[in-house]
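# Structural overview
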Amino acid sequence: MITCTEARAALLDADLDALRPGAPGPLSAHLATCAACRAAADRIVGGTAALAAAHGRGTGRTPASVVATALEHGRRLRSRQRRIRVLLPLLAAASLAVFFVSDLPLGSPGLRPPVPAPPALPPIVEAGGLNVAVFSTTRPDVTVVWQF
Ligand SMILES: [Zn+2]
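Being a predicted model, the structure only gives us computed values, none of them experimental.

What counts, and where the lines are drawn
- Residues numbered from 1 in each chain as written.
- Predicted model: local features only at pLDDT ≥ 70, side-chain atom pairs only at ≥ 80, totals over all residues.
- Helix = DSSP H or I, 4+ residues; strand = E, 2+ residues; numbered from the N terminus.
- Buried ≥ 20, exposed ≤ 12 C-beta atoms within 10 Å, placed from the backbone.
- Core = buried A, V, L, I, M, F, W, Y, C linked by C-beta atoms within 7 Å.
- Contact = placed C-beta atoms within 7 Å.
- Pairing = 2+ DSSP bridges.
- Arc of directions from axis to C-beta.

## Structural notes on the overall build of the chain
Looking only at helices and strands, the chain features five helices and two strands. In sequence order, the secondary structure elements of the chain are arranged as α-α-α-α-α-β-β. Of all 148 residues assigned to the chain, the portion counted as buried reaches 8%.

In C-alpha cells form, the structure reads like this:
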C-alpha cells in the first residue's frame with residue numbers, strides 16, 4: 001500500500017486510464033480506499049476532459065488526441081525537469097571547483113614549473129687579500145659589497 005504522499009506524486013505521472021476506478025496497480029488500490037486522493041484524481045480526470053473539450057472545439061481534433069498531446073507535453077516537461085535536477089548539482093560543483101581553483105595563490109609550488117637557478121656570476125670585486133661578501137639585491141642597479 002502506498003502513502004498519500006506517494007499517491008499524490010504518482011498522480012502527476014499517471015496516465016488517465018490509471019486514475020479511473022478499477023484500474024490495476026498500487027495507485028488505483030490507494031485511490032479506492034482514500035477519499036482525498038480519489039477526489040484529487042477525479043479533479044485531474046475532470047479537468048483534463050474539460051480542457052480537451054474546450055481546446056478541441058473548432059480545431060477538428062478529438063478530445064482524446066488533445067489529451068494525448070497534453071500528456072505528452074507533460075511527460076516532456078517532467079523529463080526536462082529531471083534533467084535539470086541532475087545537471088544543477090553538477091553545475092554547482094563545477095562552479096565551486098572553478099572558484100576554488102581560481103582562488104589558489106599563483107605562487108603555489110604545485111602550479112608553477114620549477115625555475116632553474118641562474119648561472120653563478122664571476123666575482124666582480126678584486127679584494128686584494130681582504131674578505132669580501134657581495135650581495136645582489138632585488139634592484140638590478142644596486143649591489144652590496146661588504147669588506148671585512
Ligand atoms: Zn491518499
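## Some details on the nonpolar core
In this structure, A7, A10, L19, L27, L31, C37 and A41 together form the largest nonpolar core, which totals seven residues. Elements represented by at least two residues in this core include exactly α1 (4-13), α3 (26-33) and α4 (35-56). In this structure A7 touches I2, L27, H30, C34 and C37, once residues within four positions along its chain are discounted.

## Brief notes about the pairing of strand β2 (residues 143-147)
For β2, a buried count of zero out of five residues is recorded, marking the element as mostly open to its surroundings. Bridging between strand β1 (residues 132-136) and β2 involves five bridges; their strand directions are antiparallel. From the neighbouring strand, V134 faces β2, where its bridge partner is V145. Between β1 and the antiparallel strand that follows it, β2, lie six residues.

## Quick word on the environment of R8
Within the secondary structure, R8 sits in helix α1. Residues R8 and L27, spaced 19 residues apart in sequence, show a C-alpha to C-alpha distance of 9.1 Å. Those residues in contact with R8 that sit more than four places away from it in its chain are C37 and A40.

## Quick word on the environment of T137
Mapped onto the elements, T137 comes out in the loop between β1 and β2. In this view, T137 contacts V142, T143 and V144; residues no more than four positions away in its chain are not counted.

## Comments concerning α3
Of all the positions in α3, only L27, S28, H30 and L31 are classed as buried. Projected down its long axis, α3 carries its buried residues within an arc of 160 degrees, all on one side. Residues of α3 that are exposed and angled more than 90 degrees away from the buried face: P26, A32 and T33.

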